Amino acid sequence: MSRPLIAVPARLASSTSALRYAAAVNARALLTMVHDAGGEPLSVLPWPDVDVVSSEVVAERLSFAHGVLLPGGGDLDPARYGQPVGSAHVYDVDPLQDSADLAVARWALDHDIPVLAVCRGLHVVNVGLGGTLEQHMAQPHREVVHREVQHDVGVAVAPWPHGIDLPVYPLK
């Protein structure tokens, strides 16, 4: 049985130490978890035109995908959810990344493609469905969520198609 193909929009980085140039990358841990769960993670480059990414174009490029993983990254531009930048803590806003991620999320949700959203990915899904965000949460939010709280995560819905087995991983 072949592995289901999971599209993972690449994160854009202005530089990476190993490449010394701008790069399109994804977190190794996320890709490994997709593989360990039985999927084949495939990084997908964002589209070059930040203003026009239609559902048809996304469908054409991602027609191979059995699922989508929307990973973490920098903040969404507050203009995407109708707000001006209201915090000095908004970081790594990238119009190309925002446009591509939102187009992928909308396409997947509109076409019942399974989506796993992590951190920024959850923000993308929320904004893609018409929601807004709190631009900055005061301390100790970040430290508590990311460093001190650990719990198992599981799936309590119908199994994913194509025989994907979702193991339980502790959040750290």
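Preceding this paragraph is the structure being described.
Residues numbered from 1 in each chain as written. Predicted model: local features only at pLDDT ≥ 70, side-chain atom pairs only at ≥ 80, totals over all residues. Heavy atoms only, no water.

### Things to note about the sheet that holds strand S6 (residues 115-117)
For clarity, the cut-off: Here the rule is simple: two strands pair whenever DSSP picks up at least two bridges between them. Here a helix means four or more residues in a row that DSSP labels H or I, a strand means two or more in a row labelled E, and each is numbered from the N terminus. Fitted lines through C-alpha atoms give the axes, limited to the stretch in contact for helices. The angle between two N-to-C directions lies from 0 to 180 degrees. Contacts between residues were defined by any pair of non-hydrogen atoms, one from each residue, lying within 4.5 Å.
Taking strand neighbours across the sheet as the criterion, the four strands line up as S4-S1-S5-S6 in an open arrangement whose pairing is parallel. Looking along the sheet, the strands with just one partner apiece sit at the ends: strand S4 (40-44) and S6. On average, each strand axis in the sheet is tilted by 25° relative to the strand beside it, whichever way the strands run. Seen against the sheet, helix H3 (residues 95-110) touches strand S1 (5-9), strand S5 (67-70) and S6 and runs at an angle of roughly 145° to S5. Packing of helix H4 (residues 120-128) onto the sheet brings it into contact with S5 and S6, and relative to S6 it is tilted by some 120°.

### Some points on the pattern of salt bridges
To be explicit about the condition: We count a salt bridge whenever a side-chain nitrogen from Lys or Arg sits within 4 Å of a carboxyl oxygen from Asp or Glu. Only protein chains enter the accessibility calculation, which uses a 1.4 Å probe. A residue is then buried if its area is under 20% of the maximum for its type, exposed if over 50%, and partly exposed in between.
According to the stated counting rule, one finds four salt bridges in the structure shown. Here Arg 11 makes a salt bridge to Asp 101, at a shortest N to O gap of 2.9 Å. Here Arg 11, found in strand S2 (residues 11-13), pairs with Asp 101, found in helix H3; they are 90 residues apart in sequence, far enough to count as distant. Of the two residues examined, Arg 11 and Asp 101, each falls in the buried class. One salt bridge connects Asp 98 with Arg 80, and the closest N-O pair in it is separated by 4.0 Å. Separated by 18 residues along the polypeptide, Asp 98 in helix H3 and Arg 80 in the loop between S5 and H3 bring together distant segments of the chain. Judged by relative accessible area, Asp 98 falls into the buried class, the value being 0%. Taken together, the salt bridges that share partners define one network made up of Arg 11, Arg 80, Asp 98, Asp 101 and Arg 120.

### With respect to the pairing of S5
In regular strands, side chains alternate between the two faces of the sheet. Under the convention used in this document: Handedness rule for crossovers: strands pointing away from the viewer, path from the first strand over the helix to the second running clockwise, crossover right-handed.
Burial along S5 is two-sided: Gly 67 and Leu 69 and Val 68 and Leu 70, pointing in opposite directions, are all buried. Summarising the sheet, S1 and S5 pair through two bridges and their orientation is parallel. The partner of Ile 6 across the bridge, within S5, is Gly 67. The parallel pair S5 and S6 is bridged by H3, and the resulting crossover is right-handed.

### A word on the nonpolar core
Stated formally: Residues belong to one nonpolar core when they are buried, are Ala, Val, Leu, Ile, Met, Phe, Trp, Tyr or Cys, and are joined through side-chain atoms within 4.5 Å.
Within the largest apolar cluster, 24 residues are counted, with the highest numbers of intra-cluster contacts made by Val 58, Leu 62, Val 68, Leu 70, Leu 76, Val 104 and Trp 107. Broken down by secondary-structure element, the contributors of at least two residues to this core are helix H2 (55-62), S5, H3 and H4. Looking at this core element by element, the count peaks at seven residues for H3. When neighbours within four sequence positions are excluded, Val 58 is seen to be in contact with Trp 47, Val 53, Ala 103, Val 104 and Trp 107.

### Here's the deal with the environment of Leu 12
Structurally, the position occupied by Leu 12 is in strand S2. As a C-alpha pair, Leu 12 and Asn 26 span 14 residues in sequence and 8.8 Å in three-dimensional space. When neighbours within four sequence positions are excluded, Leu 12 is seen to be in contact with Ala 23, Ala 24, Pro 46, Asp 94, Leu 96 and Gln 97.

### What to know about the environment of Gly 131
Note that Gly 131 resides in the loop between H4 and helix H5 (141-148). In this structure the C-alpha to C-alpha distance between Gly 131 and Arg 80, which are 51 residues apart in sequence, comes to 9.8 Å. Not counting residues up to four positions away in its chain, the partners in contact with Gly 131 are Tyr 81 and Asn 126.

### A word on the side chain of Ser 87
Put simply, the rule reads: Any pair of N or O atoms that falls within 3.5 Å is considered a polar contact. Within protein, one atom must be able to donate a hydrogen and the other to accept it, and sequence-neighbouring residues count only if both atoms are side-chain atoms.
As for its placement among the helices and strands, Ser 87 is situated in the loop between S5 and H3. Its relative accessible area of 14% is what places Ser 87 among the buried residues. For Ser 87, the side chain forms a polar contact with the main-chain nitrogen of His 89, separated by 2.9 Å. Setting aside residues no more than four positions away along its own chain, Ser 87 makes contact with Gln 135 and His 136.

Worth remembering: the numbers are spatial, not functional.
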